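Residue-level structure breakdown
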Amino acid sequence: MSSQVRFTDFKSDKQPTWCPGCGDFGTMNGMMKALAETGNDPDNTFVVAGIGCSGKIGTYMHSYAIHGVHGRALPVGAGVKMANPDLEVMVAGGDGDGYSIGAGHFVHAVRRNVDMSYVVMDNRIYGLTKGQASPTSREDFETSTTPEGPQQPPVNPLALALASGATFIAQSFSSDALRHQEIVQKAIEHDGFGFVNVFSPCVTFNDVDTYDYFRDSLVDLAETDYDPTDREAAKEKVLDADKEYMGVLYQDEDSVPYEETHGLDSNMSEIDHDGAPEGAMDLVREFY
Amino acid sequence: MPADFNWAIGGEAGDGIDSTGKIFAQALSRAGRHVFTSKDFASRIRGGYTAYKVRTSTEKVRSVVDRLDVLVALTPRTIEENMDELHEGSVIIYDGDRTTMSDVEIPDGMVDLDVPLKALAEDAGGAIMRNVVALGAACEATSFDIEHLDSSLKKRFGDKGQAIVENNKQAARLGQEYVQENYPDADLDYDLDTTDNDYVLLNGDEAIGMGAIAAGCKFYAGYPITPATDVMTYLKGRIEHFGGHVVQAEDELAAINLALGGARAGARSMTATSGPGIDLMTETFGLVATSETPLVIVDVMRSGPSTGMPTKQEQGDLNMMLYGGHGEIPRFVLAPTTVEECFWKTVEAFNLAEKYQTPVYLAADLAMAVTEQTFEPEAFDMDAVEIDRGKVVDEDTIEDHQTESGGFKPHEITEDGISPRAFPGTAGGAHMSTGLEHDEQGRRTEDTEMRVKQVDKRNRKVETAKEREDFSPREFGDADADNLIVTWGSNEGTLVEALEYLDDDDVDVRILSCPYIFPRADLTEEFEAADQVVVVECNATGQFADVVEHDTLQRVKRINKYDGVQFKADELAAEIKETLAADGQEVEA
């Protein structure tokens, strides 16, 4: 891949309409830098975006891309990668997109282990519909639709991923630019489904899960002697009710991606025949 | 009327009814006889009545009839269920030793062949082969050369080893000999001649799968659902030999989104489901259409609404395929009319999808999907398959479709409504696709002028297709007749056979069978030339009849069947006669 690719090559000429101070700016910058740093260019990159503020990312980036329907970005990304394993596929979405309407797809995307990265901008609220509880909102988080809080525990995406057989689980924070870029890069480089939950604060509707909150409370695993290949340790970390972590929580270094287990190595867009493929008449003879 | 012969095996689901029926059908096909099969099955794995019926003739057979000449009854209910179709001289083969069959009474006038199926099967090596013993008995009853059965058994069990094949052949022989020895005087008035013709035997789902591979489809994602599952079963294990892949998705929502991903990557992609699955796919269908993604979506219709009758025939999803999805969306809706057409319409669906960059619905139905029919292999002439990928641009031609600043225009406003298409990986082609209204570059817009331009551009593809493609109906019967019968889907075969009954009664009709639901041929002239128009379809409200009435501004008569069973030729002929004669109008003689 061309070494001249700069992260700005991944920028489109559309100006983001996110609120000033939105966490998604930092999340997106880190994604673009990670893509450039891992040797990709816009012509071999396919970005699938979900719906909501996070889903706008496909518009602000420059690459082959599709803006999916709500909650269904993951299967689209898997389809792209299976049909052309030469492409670098990145799926981006929000907490509502990924853990509510798309929760089923999330579990199965994790199981399937297609070699792509999945970045979830988790702001623990529905922003674009103007402030309702999301699946990761705290139990007592008051919103227009939950004046007394959701009164049910939030989805734990990291635990859900681990329980579903994830081969790469990470968490990052959009405002810690370097660490965020580094973590997304690791997800891209992982052989399989690289899942990153990014705390990407909503400055307009969420006054609890703020930049200050994450800055003060997040424990960076890079500053500890944590071993991300230890699944037992990962269990403990993802179920820890008292702390939230930044960094790679789990990585299976022996992960074999779907494409490899299923023998997918060709670009299926190519059809090298003008009519039926060679040997097609055998398909008819089978019915004798 | 062809001198046809009708055979059936019936019992409980789990009795091996399906595979036994298939073995017999295949033996007949290999003996150069035409075959048309039908299934009577319930939505359960074990228990419940199920039957496999085989109609066969040395001439082409296109539908089912209300008659059974030989019935293999594994349960008393099999006899009850088929009583109306049995006649004097019908042969009933059963095992009187079986507890449930011990006190069964064979109706007067029928030939009673009590054969110890299980005991003979055990002699041959295992009780599991009792159905094959019955097949041997059936061969004797019909003077059908048992060697054709051997060849079918070899095909069926060859993978399990020579010993299994030999045991099965032996089981068939024991059944044959038992009838010879114990019923030497039974009046078995049937004779299944063989011919030297070579036929292939397949069902609609298989033909759709085969058409997909022939058309260069590489990517299939689906979720199991009756009666569409066979499409996936067929492709799995075959498409891989042609560089393709099948994914069993977690649900229909994932299936269409996976297929959408495959199509965006540039692969010819397909998904197949039945009505309830189409419901779930409808949201993404809108995205497929608006992002101008070529995709083939097969709906093998069954009785609805909701879970309806999963194993029964209906053509009730037409409106959904025509109008489903919010907003206004250009699409193609093709309806194959025979098993053979399932193949060709699938090939065509891929070409239309890519030439016009739209989703294409293939409206198949249960009666066609699970029905096996014989064809000359040339019916699936692979040399006649053509592939047209439409306006794909590469690195050399992409510059003609870029903005001044180098942005690719996947939704370029063109005269014919069709924009250039760049597969991911093409240098200079990077672009955004979205379900949001967009500009020529695919970027979101709410600009009123651009909105109108994009809507018009997408709709213009329909006009272009009408100019460039041939959407004519298939025509049968007497072209000059005053009575016009219009139909779509699997009813065609039944209508063609009904012609012979109508002919016997001196009723002349012209039949138009419409494989193109949208865009479709304008039938105004044909309607105006006719005294009476009758639309025949398997639904209660006449969804296609509504459409053609709207097109032609002419009222039509309707024959609708929605009891879950496909039309039968004789019954349909009678109903056509009655409908034409209604309102005191004279039927042309």
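Residues numbered from 1 in each chain as written. Chains lettered and ligands numbered in written order. Predicted model: local features only at pLDDT ≥ 70, side-chain atom pairs only at ≥ 80, totals over all residues. Heavy atoms only, no water.

- The name given to chain B in an unreviewed UniProt entry is 2-oxoglutarate synthase subunit KorA, and the organism recorded there is Halobaculum marinum.
- Per UniProt, chain B has the following entry under Subunit (unreviewed entry): "Heterotetramer of the KorA, KorB, KorC and KorD subunits."
- One UniProt comment on chain B, placed under Catalytic activity (unreviewed entry), says "2 oxidized [2Fe-2S]-[ferredoxin] + 2-oxoglutarate + CoA = succinyl-CoA + 2 reduced [2Fe-2S]-[ferredoxin] + CO2 + H(+)". (UniProt positions renumbered as here; feature names shortened; annotations may be inferred.)

- As named in an unreviewed UniProt entry, chain A is 2-oxoacid:ferredoxin oxidoreductase subunit beta, taken from Halobaculum marinum.

**Regarding the overall build of chain A**
- When its secondary structure is counted, chain A shows eleven helices and eight strands.
- Over its C-alpha trace chain A gives a radius of gyration of 20 Å, about what one expects of a compact globule, namely 19 Å for 288 residues.
- Dimensions of chain A along its principal axes, counting C-alpha atoms only, are 70 × 45 × 40 Å.
- Burial analysis of chain A (288 residues in total) assigns 59% to the buried set.
- Taking all contacts inside chain A whose residues are at least 6 apart in sequence as the whole, residues at least 24 apart take part in 72%.
- When the accessible surface of chain A is summed, it comes to about 11700 Å², and 46% of that surface belongs to carbon and sulfur atoms.
- Across chain A, the mean location of the 20 positive side-chain charges is 5 Å away from that of the 46 negative side-chain charges. (Helix = DSSP H or I, 4+ residues; strand = E, 2+ residues; numbered from the N terminus. Rg over C-alpha atoms; globule rule 2.2 N^0.38 Å. Buried < 20%, exposed > 50% of the residue type's maximum accessible area, 1.4 Å probe, protein only. Contact = heavy atoms within 4.5 Å. Areas by Shrake-Rupley, 256 points an atom, 1.4 Å probe, with all protein chains shown as cover. Lys, Arg positive; Asp, Glu negative; His and termini not counted. Charge placed at Lys NZ, Arg CZ, Asp CG, Glu CD.)

**Some words on the nonpolar core**
- Among the nonpolar cores identified, the biggest contains 93 residues, and Met82(A), Phe106(A), Ile169(A), Phe193(A), Phe195(A), Val486(B) and Phe544(B) are the most heavily contacted of them.
- Excluding its chain neighbours within four sequence positions, the residues that come into contact with Met82(A) are Arg112(A), Val114(A), Tyr258(A), Leu264(A), Met268(A), Phe219(B), His245(B), Val247(B) and Leu258(B).
- With 56 residues, the next largest nonpolar core counts Leu202(B), Ile239(B), Ala349(B) and Val360(B) among its residues. (Core = buried A, V, L, I, M, F, W, Y, C linked by side-chain atoms within 4.5 Å.)

**Some thoughts on the pairing of strand β4 (residues 68-73) of chain B**
Residues and elements named next belong to chain B.
- Most of β4 sits out of view: six of its six residues are buried.
- Examined bridge by bridge, strand β1 (residues 5-12) and β4 share four bridges and lie parallel to one another. Note that in β4 the partner of Trp7 across the bridge is Val70.
- Two strands pair when backbone bridges link them, and β4 and strand β5 (residues 86-94) are joined in this way by four bridges, in the parallel orientation. Across the sheet, residue Leu68 finds its bridge partner in β5, namely Leu86.
- Read as a crossover between parallel neighbours, the route from β4 over helix α2 (residues 76-81) to β5 is right-handed. (Pairing = 2+ DSSP bridges. Right-handed = clockwise from strand over helix to strand, strands pointing away.)

**Brief notes about the pattern of salt bridges**
- With the rule as written, the count across this model stands at 51 salt bridges over all chains.
- Between Glu286(A) and Arg238(B) there is a salt bridge, and its shortest N-O distance comes to 2.3 Å. Within this pair, whereas Glu286(A) is found in the segment after α11 (281-285), its partner Arg238(B) is found in the loop between α8 (229-235) and β9 (245-248), the two belonging to separate chains.
- In this structure, a network of salt bridges that share partners links the residues Asp4(B), Arg55(B), Arg67(B), Asp69(B) and Glu497(B). (Salt bridge = Lys/Arg side-chain N within 4 Å of Asp/Glu carboxyl O.)

**Focus on the sheet that holds strand β11 (residues 295-301) of chain B**
Residue and element names in this part refer to chain B.
- Strand order in the open sheet formed by seven strands is β9-β8-β10-β11-β13-β12-β19, with mixed pairing between adjacent strands. Edge positions in the open sheet fall to β9 and β19 (516-518), since each of these has one partner strand only. Averaged over neighbouring strand pairs, the angle between their axes works out to 20 degrees when direction is ignored.
- Pairing analysis gives two bridges linking strand β8 (residues 219-222) to strand β10 (residues 269-273), with the strands arranged parallel. From the neighbouring strand, Phe219 faces β10, where its bridge partner is Ser269. (Axes fitted to C-alpha atoms, helices over the stretch in contact; angles between N-to-C directions.)

**Digging into the pairing of strand β17 (residues 483-487) of chain B**
Residues and elements named next belong to chain B.
- Among the five residues that make up β17, five are buried, leaving the element largely enclosed by the rest of the structure.
- Covered by surrounding structure in β17 are Asn483, Ile485 and Thr487 together with Leu484 and Val486, the residues of both alternating faces.
- In terms of strand pairing, β17 meets strand β18 (residues 509-513) through five bridges, oriented parallel. Each bridged residue has a counterpart across the sheet, and for Thr487 the counterpart in β18 is Ser513.
- Examined bridge by bridge, β17 and strand β20 (residues 532-537) share five bridges and lie parallel to one another. In the strand pairing of β20, Leu484 is matched with Val533.

**A closer look at the UniProt feature "domain: Thiamine pyrophosphate enzyme TPP-binding" (unreviewed entry) in chain A**
- Taking the UniProt record as the reference, the feature "domain: Thiamine pyrophosphate enzyme TPP-binding" (unreviewed entry) is found at residues 51-198 of chain A.
- Secondary structure across residues 51-198 of chain A divides into 35% helix and 19% strand, with the first and last C-alpha atoms of the span separated by 16 Å.

**A word on the UniProt feature "domain: Pyruvate/ketoisovalerate oxidoreductase catalytic" (unreviewed entry) in chain B**
- Mapped onto this structure's residue numbering, the UniProt feature "domain: Pyruvate/ketoisovalerate oxidoreductase catalytic" (unreviewed entry) falls at residues 13-175 of chain B.
- Annotated as residues 13-175 of chain B, this span is 40% helix and 21% strand, and its ends, taken at the C-alpha atoms, are 23 Å apart.

**What to know about the packing of aromatic side chains**
- According to the stated counting rule, one finds 22 aromatic pairs over all chains in the structure shown.
- Taking the centre distance of 5.6 Å and the plane angle of 65 degrees together, the rings of Tyr99(A) and Phe106(A) count as edge-to-face. Both residues of the pair, Tyr99(A) and Phe106(A), belong to the buried class.
- Measuring from ring centre to ring centre gives 4.8 Å for Phe285(B) and Tyr361(B), while their planes differ by 15 degrees; the resulting arrangement is stacked. With a gap of 76 residues between them, Phe285(B) in helix α10 (residues 275-290) and Tyr361(B) in strand β13 (residues 359-365) connect regions that are remote in the sequence.
- Three or more aromatic residues joined by ring pairs form one cluster here, namely Tyr99(A), Phe106(A), Tyr118(A), Phe193(A) and Phe195(A).
- The lysine or arginine in question, Arg138(A), covers the ring of Tyr213(A), its NZ or CZ lying 4.7 Å from the ring centre.
- Sitting above the plane of the Tyr250(A) ring, Arg231(A) keeps its charged end 6.0 Å from the centroid. (Phe/Tyr/Trp six-rings, centres within 6.5 Å; stacked < 30°, edge-to-face > 60°. Lys NZ or Arg CZ within 6 Å of the ring centre and 35° of its normal.)

**Looking at the sheet that holds strand β15 (residues 432-434) of chain B**
- Pairing is mixed across the open sheet formed by nine strands, whose spatial order is β7(A)-β8(A)-β5(A)-β6(A)-β4(A)-β3(A)-β1(A)-β2(A)-β15(B). Both edges of this open sheet fall to β7 (218-220) of chain A together with β15 of chain B, since each of them pairs with a single strand only. Taken over all neighbouring pairs, the strand axes of this sheet differ in orientation by 20 degrees on average, direction set aside.
- Where strand β5 (residues 168-173) of chain A meets strand β8 (residues 244-251) of chain A, four bridges bridge the pair, whose relative direction is antiparallel. Along β8(A), the bridge assignment pairs Ala170(A) with Val248(A).
- Along the sheet, helix α1 (residues 23-37) of chain A makes contact with β1 (45-49), β3 (88-94), β4 (117-122) and β6 (194-199) of chain A, crossing β4(A) at roughly 165 degrees.

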